[in-house]
Amino acid sequence: MKVTRHFTAGLQSPYDGLDFETRTSIIRNPDGSVVFESPAVVPSGWSQVATDIIAQKYFRKAGVPAATKRVKEKGVPEWLQRSVADDKALAGLDEGERFGGETDSRQVFDRLCGTWTYWGHKEGMFDTEEDAKAFFDELRYMMVRQMAAPNSPQWFNTGLHWQYGIDGPAQGHKYFDPKAGQVVDSTSAYERPQPHACFIQSVSDDLVNEGGIMNLWQREARLFKYGSGTGTNFSAIRGEGEPLSGGGHSSGLMGFLKIGDRAAGAIKSGGTTRRAAKMVSLDLDHPDIEAFVNWKVTEEQKVASLVTGARINERGMNAILGACSEVQGDERFDPRTNKALAKAIRQARTEGVADNYIYRAVQLAKQGVTSIDFDTYNTDWDSEAYATVSGQNSNNSVRIPNAFMEAVLRDETWDLKRRTDGATSKTLQASDLWDQVAYAAWACADPGVQFDTTINEWHTCPADGRINGSNPCSEYMFLDDTACNLASLNLMKLYDLETEHFDLEAYQHAIRIWTTVLEISVAMAQFPSEAIARLSYEFRTLGLGYANLGALLMVMGIPYDSPKGRAQAGALTAILTGESYAQSARIAAEKGPFVKFAKNREHMLRVIRNHRRAAYAAATEQYEGLSVRPVALDAANAPDELVTAARAVWDEALALGEKHGYRNAQVSVIAPTGTIGLVMDCDTTGVEPDFALVKFKKLAGGGYFKIINRVVPEALANLGYSDAQISDIVNYA
């Protein structure tokens, strides 16, 4: 493929025009204590927050050699050959200076972009060496200028072997070898990285065998270790009370979910700096659905009880100890003679202190104890109180078919079905179950809802099975035992504040480049199971998205919740997905479509046609196979340039797909972009509005960031505020 130099034409280096400076990255707790400290070389235009993120999260902390040498490889240009530690050069250094960590952001950009280019070259993605160089430079240009970023596992894992020769024993990963025509075991921990952030894994109604419950925890651990997240629909697991083959009855789903929750809680994704990301979903007709829906509600009540109860006990016991020290003699321990003690005991009992703790306090007083340090707790998500309850290490969702919503609307009953024989285990009012879902979501923000029928009507590959679940944040939905690697474009970096113009040409160029990056990442990856390795090769799903939409709308003076805001977002999203599918078809013209395309051709083209119809706001009757009409592109409220582009890319995506097929079964998602949004200095994440202009982000590894929305002055100016008014508002924040 040819690669156009859109950003780097005429530049000697993608880093030209940028000043780099050495900063100290320090992350503190609110009390001022230091959690992390390290030097970091970054572009001078980066914020301190972005500096802290790359230094704490993404710099490799150990094993980076101070000197490297290239490893010759037939057919690979010298500048693109991988590197290893130069033992001869290292021998001339003091032992403590031979290996260390990354300290310069350019090391990271070179590591990532070089690895993608290396594997792209090996996959035959470039027509010429110059195309490979252009690809390498365009990527580094965009990353150093915070225009785009891949998902966190890429930062953690990609390029450690290519750039530094870092390696380790295989961790049980697998990959599909096209030459062998089969899945093979990885022989290295890092030669093939784990770049995918999002996994959907299946689980069978089996305790210990491959694909079963206990095997799933092992597969999850393998993903969490390298910074990825996973989701599973557990509806295949039999409910509480269902018969077991060996006699007896099942303990039900919830006991197993608590085991998986504990396992995830013990692991930090990527080692130490990211919580394990996990999605648990369940069909609404599962026998244990009510216990599942109310799981976190009950657990949060336990936390509240623990926090409140500990404080009551601490106060009551110390009051009793204090009353015993107010008088002298043995009678002070007898509430019949010590009125203060009697009052303290009555008060403690009134507040709920158990008698054994009351008696314990008196006994301690007899031993000369005058006060007790009774542990109390708080409701911080990372506190000891939450560590003692279950359900805190996953997002929970319920799968809602249209039939259930219709039953709610008609006030009909809903049957829960046993997994062993399909018999009805319980019948309840659909509206009652819906009320439980709504209350639980209000009380503790879980469960989320996934509209199963709509999801499967937009499924590109139903010939190979239905969509049962999602990744932890629900942006990726596809077949079980598949994976998706993500990247996001920073919309604000494509908007010129002076001219108030969005650079559409650069946007589409970036979409094409990053679609190619994600396709290459499929080829170079290793996976946690044989099934995922095989299906990832056969379907090659991608997840290109964007970030900073909320900030873009702010500086444009467009309310987020407005027809213009939604139309702008719709147009940008239509262009993203349409251009990415078009690029996928272009790659298919060179490399062939994904393995399962022929089997799913008519289904996938139907989905693409429906996307195109939505871009043209077609009449309802023109859509194919949809129960719910999609929200079409609002041409009246979107800029003409974006509307024209959106329709053009979907015309091309359909035409190219009909001719060549598609290289990828899916191409786009809108991810939350939490950490990568910060490293790109995004003021808002993903597709979301800003929930506060000043925020504190608590990190899983400890410490806080204070984050202030930096586009506020531009947005206020666009809305007509004076400089003095803007200054007053910003200073107040």
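Just above sits the structure.
The structure presented is a predicted model; accordingly, all values stated were derived computationally and were not measured.

Basis of the calculations
The numbering scheme is per chain: residues are counted from 1 as the chain's sequence reads. This being a predicted model, a pLDDT of at least 70 is required before a residue's local features are given, and a value of 80 or more before pairs of side-chain atoms are given or counted; all residues contribute to the totals for chains, interfaces and linings. Note that water and hydrogens are dropped before the side-chain values are worked out from all heavy atoms of the structure. Counting from the N terminus, the helices are DSSP H or I runs at least four residues long and the strands are E runs at least two residues long. The globule rule used here is 2.2 Å times the number of residues to the 0.38 power, and the radius of gyration it is set against is calculated over C-alpha atoms. Relative accessibility decides the category of a residue: with a 1.4 Å probe and only protein chains considered, values under 20% of the type maximum give buried, values over 50% give exposed, and everything between is partly exposed. Contacts were defined at the residue level, with two residues in contact if any of their heavy atoms lie within 4.5 Å. Note on areas: Shrake-Rupley with a 1.4 Å probe; residue coverage comes only from the protein chains shown. Only four residue types enter the tally: Lys and Arg on the positive side, Asp and Glu on the negative side; His and the chain ends are excluded. Here the site of a charge means atom NZ of a Lys, CZ of an Arg, CG of an Asp or CD of a Glu. Here a pair means two rings of Phe, Tyr or Trp (six-membered ring of Trp) with centres within 6.5 Å. Their orientation is stacked below 30 degrees between planes, edge-to-face above 60, and tilted elsewhere. In this analysis the charged atom, NZ for Lys or CZ for Arg, is taken to sit over a ring once it is within 6 Å of the ring centre and within 35 degrees of the ring normal. The pairing criterion for strands is at least two bridges between them, as found by DSSP. Patch members must show over 30% relative accessible area and no salt bridge, and they are joined within 9 Å when carrying like charges or within 5 Å when they are nonpolar side chains of Val, Leu, Ile, Met, Phe, Trp or Tyr. Salt bridge criterion: a side-chain nitrogen from Lys or Arg within 4 Å of a carboxyl oxygen from Asp or Glu. Between N-to-C directions, angles cover 0 to 180 degrees, with each direction set by a line fitted to C-alpha atoms, over the stretch in contact for helices. Orientation categories follow fixed angle ranges, with anything under 35 degrees roughly parallel, anything over 145 roughly antiparallel, 65 to 115 roughly perpendicular, and all other angles oblique. Gly counts as polar in this scheme, as do all residues outside two lists: the nonpolar Ala, Val, Leu, Ile, Met, Phe, Trp, Tyr, Cys and Pro, and the charged Asp, Glu, Lys and Arg. Given a helix with a known number of residues, its expected span is that number minus one, times 1.5 Å. Under this definition, polar contacts are N or O atom pairs within 3.5 Å; protein pairs additionally need one hydrogen-donor-capable and one acceptor-capable atom, and for neighbouring residues in sequence, both atoms have to be side-chain atoms.

A. Structural view of the overall build of the protein chain. The number of helices and strands found in the protein chain is 25 helices and 26 strands. Over its C-alpha trace the protein chain gives a radius of gyration of 29 Å, about what one expects of a compact globule, namely 27 Å for 733 residues. In terms of overall dimensions, the protein chain has a C-alpha envelope of 95 × 70 × 65 Å along the principal axes. Here the protein chain holds 733 residues, and the buried ones make up 53% of them. Put simply, 72% of the contacts in the protein chain that link residues at least 6 apart link residues at least 24 apart. Looking at the protein chain as shown, the accessible area adds up to about 31000 Å², and 49% of this sits on carbon and sulfur atoms. Charge separation in the protein chain, taken as the distance between the mean sites of 76 positive and 93 negative side-chain charges, equals 3 Å.

B. Structural view of helix α14 (residues 402-409). Every buried residue of α14 is listed here: Asn402, Phe404, Ala407 and Val408. Turning to α14, the residues buried within the fold contact β15 (395-400), β16 (413-417), α15 (430-444) and α16 (452-457). Positive backbone phi, at 55°, marks Asp411, one or two positions downstream of α14.

C. Fine view of the packing of aromatic side chains. Under the criterion given, the structure shown has 23 aromatic pairs. Geometrically, the ring pair formed by Tyr15 and Phe20 is edge-to-face, given 6.0 Å between the ring centres and 90° between the ring planes. Pairwise contacts between aromatic rings join Tyr476, Phe478, Phe539, Tyr581, Phe594, Phe597, Trp650 and Tyr662 into one cluster. The ring of Trp119 has Lys122 sitting right over it, with the charged end atom 6.0 Å from the ring centre. Note that Arg145 overlies the ring of Tyr141, its terminal NZ or CZ placed 3.7 Å from the centroid.

D. Spotlight on the pairing of β15. In terms of burial, β15 is a largely internal element, 5 of the 6 residues being buried. Across 4 bridges, the pairing between β15 and strand β18 (residues 448-451) is parallel. Bridge assignment links Ser397 to a residue of β18, and that residue is Gly448.

E. Spotlight on the pairing of strand β9 (residues 182-185). One ladder, built from 4 bridges, connects strand β8 (residues 174-177) with β9; its direction is antiparallel. Bridging across to β9, Tyr175 finds its partner in Val184. Between β8 and β9, which pair antiparallel and follow one another directly, the connecting turn spans 4 residues, one of which, Gly181, has a positive phi of 70°.

F. Focus on a negative patch on the surface. A surface patch of like charges, here negative, comprises Asp496, Glu498, Asp503, Glu505 and Glu641. Secondary-structure assignment places Asp503 in the loop between β23 (501-502) and α17 (504-524). By relative accessible area, which is 30% here, Asp503 ends up partly exposed.

G. Local environment of the packing of helix α3 (residues 105-122) against α17. The N-to-C vectors of α3 and α17 enclose an angle of 70°; their axes lie 9 Å apart at closest approach. For the element pair α3 / α17, the angle class is roughly perpendicular. Counted together, Thr115, Trp116, Trp119 and Gly120 of α3 and Trp514, Val517, Ile520, Ser521 and Met524 of α17 form the full contact between these two elements. Among the residues making up the contact of α3 with α17, the classes are represented as 6 nonpolar, 3 polar and no charged.

H. Broad picture of a nonpolar patch on the surface. A contiguous nonpolar surface patch, about 330 Å² in accessible area, is contributed by Leu207, Val208, Met214 and Ile259. Mapped onto the secondary structure, Met214 falls in helix α7 (residues 213-225).

I. The side chain of Ser529, seen in detail. Here Ser529 lies in the loop between α17 and α18 (530-539). Taking relative accessible area as the criterion, Ser529 reaches 7% and is therefore assigned buried. For Ser529, the residues in contact, after removing those within four places along its chain, are Lys174 and Arg219.

J. Spotlight on the environment of Val76. The topology assignment puts Val76 in the loop between β4 (68-70) and β5 (83-85). Residues Val76 and Glu129 lie 53 residues apart in sequence; the distance between their C-alpha atoms is 9.3 Å. Not counting chain neighbours up to four residues away, the residues in contact with Val76 comprise Gln81, Tyr118 and His121.

K. Structural view of α3. Look at α3: 26 Å from first C-alpha to last across 18 residues, which is about the 26 Å you get at 1.5 Å a residue. Burial within α3 is extensive, with 13 of its 18 residues counted as buried. Structurally, the start of α3 carries an N-cap: the backbone nitrogen of Arg106 is 2.9 Å from a side-chain oxygen of Asp104. A positive phi of about 70° marks Gly124, the residue just after α3.

L. Region of interest: the pattern of salt bridges. Counted under the stated rule, the structure contains 37 salt bridges. Between Glu73 and Lys122 there is a salt bridge whose closest N-O contact spans 2.8 Å. Taken as a pair, Glu73 in the loop between β4 and β5 and Lys122 in helix α3 lie far apart in primary sequence, 49 residues in all. The exposure class of Lys122 is partly exposed, given its relative accessible area of 39%. Between Lys599 and Asp464 there is a salt bridge, with its nearest N and O atoms 3.1 Å apart. Note that Lys599 is positioned in helix α21 (residues 597-615) and Asp464 in the loop between α16 and β19 (469-470), a separation of 135 residues in sequence.

What is shown is where atoms sit, not what they do.
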